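Observations on the model geometry
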Amino acid sequence: MNASAQDLTAGLELLPQFSTARDFAIDCDAADILAPYRRQFELPVGANGQPLVYLCGHSLGPAPRAALDYVSEELAEWAQLGVSGHHTATRPWIDYAQNFTKGLQHVTGALANEVVAMNSLTINLHLMMASFYRPVGMRDKILIEEGAFSSDRHAVLGQLAWHKLDAEATLVEVAPRAGEETLRIEDIEAKIEELDSELALVLWPGVQYRTGQAFDCARITRAAHAQGAIAGFDMAHAIGNLPLELHEWGADFAVWCSYKYLNAGPGAIGGCFVHERHFTSSPSRLSGWWGHEPQTRFQMQPEFKPAAGAAGWAVSNPPILSAAPLIASLEMIRSAGIDEMRAKSIRLTAYTERLLRERCGAGLQFITPEAPEDRGCQLSLRVAGGPRRGRRVFDALSDHGIVCDWREPDIVRIAPAPLYNRFVDVFELAEQLCAALKEIS
Ligand SMILES: Cc1ncc(COP(=O)(O)O)c(C=O)c1O
């Protein structure tokens, strides 16, 4: 996704010195300037007390140690201060959202007033569609990718039903070409152009959850705008994984969760981006008191006056206990720097692919695109021999302390993440994967 030239070089530089030996992985870790960040995480251990090889940040990132402290602090202040903590807590709960602004700007490339932490992903998607999916006359179609994450598709179907529209006629899905696993940008653009003035909304992932394919969101936005449609993005698998430039790309809105690459914990508070161009027109929205302008919120006036910017889309007061870990996690990401993280991620994922290709040969099919600009850290693999064998290989990995996941019908997803994964983690994955492929017929 718009990787810089420097990023690409960083990925490819690795390859000339590449070796399948463990020492090579050890040397890469020794040279890794982000290596110290691993110690800032609590990493899960197995039943035998040994650390697991945690490659599952595409699903749930591990706990930053500071997150445990921040949650404990909030609990202690609640116990000590009660209601006065809204104003007197170390991080007053009344203004809690401001704790996220700089960090969210860093990971989204937004202006300060274009981002807000709130709710969970699917709810935020509904709130955004309530404002930005406004079917009028023939312009009523929503374009998504075939095989979109179920919750996104359910949300889109829910919106269509809410507007009393027939999904058969209004939901359009783009599929990969026959025999291909991932989408071609030119096919997405062609479909957008074909839908022309009937297209109301393009809802696209930054990174596709199953294949790990990253998309050029700037191009998708331009194509949508050329037809007068809204471009909205689900950044669940992109945020904290790839540097984003939501403002620059001109996206109309974006939503995300914080429990994957933002490492903010299960069910953590999610977030939204709304481009500043929508602030002047103030579209209608599903409103609540936390979206009211803060200066007069507690005057409890009957009329709703939206707060300036994305904050005007907030509805309820934030859940402090599920929001505190995000402060810790964003602080760590800002300190490491999303560009540094991406540079390491490109190397680590390139190493993973190269090592698995050399050591496991035809035993694996790589679903995720090979070019660094077309993926983040995730690699999606299919095990040769069919889904039953694939599942057995996946189970063997789990039994040997490798944490990754299985997506029906036949995909193993692994995500070496730059803040806490080492090259030796990937080496260990390769060892276990090769052994499983040999043992399981
Ligand atoms: C792409 C995508 N969309 C939607 C969701 C659902 O998120 P939530 O349960 O936070 O609404 C997920 C969760 O993993 C996801 O990966």
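Residues numbered from 1 in each chain as written. Predicted model: local features only at pLDDT ≥ 70, side-chain atom pairs only at ≥ 80, totals over all residues. Heavy atoms only, no water.

Further remarks concern the overall build of the chain. Across its full length, the chain carries 15 helices and 15 strands. Relative to the compact-globule value of 22 Å for 441 residues, the chain shows a C-alpha radius of gyration of 22 Å, a close match. The principal-axis extents of the C-alpha atoms in the chain amount to approximately 70 × 60 × 40 Å. Across the chain, the fraction of contacts at a sequence separation of at least 24, relative to all contacts at a separation of at least 6, is 71%. Accessible area of the chain: about 18,500 Å², with a carbon and sulfur share of 52%. Mean positive and mean negative side-chain charge positions of the chain (39 and 54 charges, respectively) differ by 3 Å. (Helix = DSSP H or I, 4+ residues; strand = E, 2+ residues; numbered from the N terminus. Rg over C-alpha atoms; globule rule 2.2 N^0.38 Å. Contact = heavy atoms within 4.5 Å. Areas by Shrake-Rupley, 256 points an atom, 1.4 Å probe, with all protein chains shown as cover. Lys, Arg positive; Asp, Glu negative; His and termini not counted. Charge placed at Lys NZ, Arg CZ, Asp CG, Glu CD.)

Once that is clear, we can look at the domain arrangement of the chain. What the domain assignment lists for the chain is domain 1 (5-61 + 337-439) and domain 2 (71-334). Taken over C-alpha atoms, the centre of domain 1 sits 29 Å from the centre of domain 2. Counting residues at the interface gives 32 residues for domain 1 and 25 residues for domain 2. The contact between domain 1 and domain 2 buries some 2,400 Å² in all, and 58% of this surface belongs to carbon and sulfur atoms. Where domain 1 touches domain 2, the interface holds one salt bridge. The salt bridge involving Glu181 is made with Arg382; its shortest N-O contact spans 2.6 Å. For the pair domain 1 and domain 2, the interface holds 15 residue pairs in polar contact (both at pLDDT 80 or more). (Domains from an automatic or database assignment. Buried area = accessible area lost by both parts, 1.4 Å probe. Salt bridge = Lys/Arg side-chain N within 4 Å of Asp/Glu carboxyl O. Polar contact = N/O pair within 3.5 Å; in protein donor to acceptor, adjacent residues only side chain to side chain.)

What follows is about a nonpolar patch on the surface. A surface patch of nonpolar side chains, about 320 Å² in accessible area, is lined by Leu75, Trp78 and Leu321. Its relative accessible area of 37% is what places Leu75 among the partly exposed residues. (Patch = residues over 30% accessible without salt bridge, like charges linked within 9 Å, V, L, I, M, F, W, Y side chains within 5 Å. Buried < 20%, exposed > 50% of the residue type's maximum accessible area, 1.4 Å probe, protein only.)

Attention now goes to the side chain of Arg389. Residue placement: Arg389 occurs in helix 14 (residues 387-399). For the buried Arg389, which has no salt bridge, the nearest side chain bearing the opposite charge is Glu439, at an N-O separation of 10 Å.

A cluster of acidic residues, Glu245, Glu248, Asp339 and Glu340, forms a negative patch on the protein surface. Looking at where Glu248 falls in the secondary structure, it is placed in helix 11 (residues 246-249).

The environment of the ligand is formed by Ser120, Leu121, Thr122, Phe149, Asp152, Asp234, Ala236, His237, Tyr259 and Lys260. Between the ligand and Thr122, the relevant distance is 2.5 Å, taken from an oxygen atom to a side-chain nitrogen or oxygen of the residue. (Near = heavy atom within 4 Å.)

Here we take up the state of the cysteines. By definition, a disulfide links the sulfur atoms of two cysteines through a covalent bond. One pass over the full model with this rule turns up zero disulfides. Looking at Cys56, it has no disulfide partner, and the nearest cysteine sulfur is the one in Cys404, 6.7 Å off. Free cysteine Cys377: the closest other cysteine sulfur is in Cys56, separated by 11 Å. Judged by relative accessible area, which is 0%, Cys377 ranks as buried. (Disulfide = S-S within 2.5 Å.)

For the rest of this paragraph, the subject is the sheet that holds strand 8 (residues 230-234). Read across the sheet, seven strands follow the order 4-10-9-8-7-5-6 without closing on themselves; strand pairing throughout is mixed. Of all strands in the sheet, those bounded by a partner on one side alone are strand 4 (115-117) and strand 6 (171-174). Averaged over all neighbouring strand pairs, the angle between strand axes comes to 20°, with direction disregarded. With three bridges connecting them, strand 4 and strand 10 (residues 271-274) associate as antiparallel partners. Among the inter-strand pairings, Val116 is bridged to a residue of strand 10, identified as Cys272. (Pairing = 2+ DSSP bridges. Axes fitted to C-alpha atoms, helices over the stretch in contact; angles between N-to-C directions.)

All right, on to the nonpolar core then. Looking at soluble globular proteins, one finds that nonpolar side chains tend to be buried together. Judged by nonpolar contacts, the single largest core of 68 residues is most densely connected at Trp204, Met235 and Trp256. Considering every element that reaches this core, the biggest residue donor is helix 12 (residues 320-336), with 10 residues. Looking at which domains feed residues into this core, each of domain 1 (5-61 + 337-439) and domain 2 (71-334) supplies at least three. Setting aside anything within four residues of it in sequence, one finds Met235 in contact with Gly206, Cys217, Leu244, Leu246, Trp249, Ala254, Val255 and Trp256. (Core = buried A, V, L, I, M, F, W, Y, C linked by side-chain atoms within 4.5 Å.)

With that settled, consider the pairing of strand 5 (residues 141-145). Among the five residues that make up strand 5, five are buried, leaving the element largely enclosed by the rest of the structure. Of the two faces of strand 5, both are covered, the one formed by Lys141, Leu143 and Glu145 as well as the one formed by Ile142 and Ile144. Pairing between strand 5 and strand 7 (residues 199-205): three bridges, direction parallel. From the neighbouring strand, Leu143 faces strand 7, where its bridge partner is Val202. Across four bridges, strand 5 lies against strand 6 in parallel orientation. In the strand pairing of strand 6, Glu145 is matched with Val174.

This part covers the sheet that holds strand 15 (residues 411-414). Strands sit in the order 11-12-15-14 across an open sheet of four strands; the sheet is antiparallel. Two strands bound the open sheet, and with one partner strand each, they are strand 11 (364-366) and strand 14 (405-407). Pairwise comparison of adjacent strand axes, ignoring direction, gives a mean angle of 35° for this sheet. Here strand 12 (residues 379-383) runs beside strand 15; their pairing, made up of three bridges, is antiparallel. Pairing of Leu379 across the sheet is with Ile414, part of strand 15. Along the sheet, helix 13 (residues 338-360) contacts strand 11, strand 12 and strand 15; its crossing angle with strand 11, the most-contacted strand, is approximately 150°.

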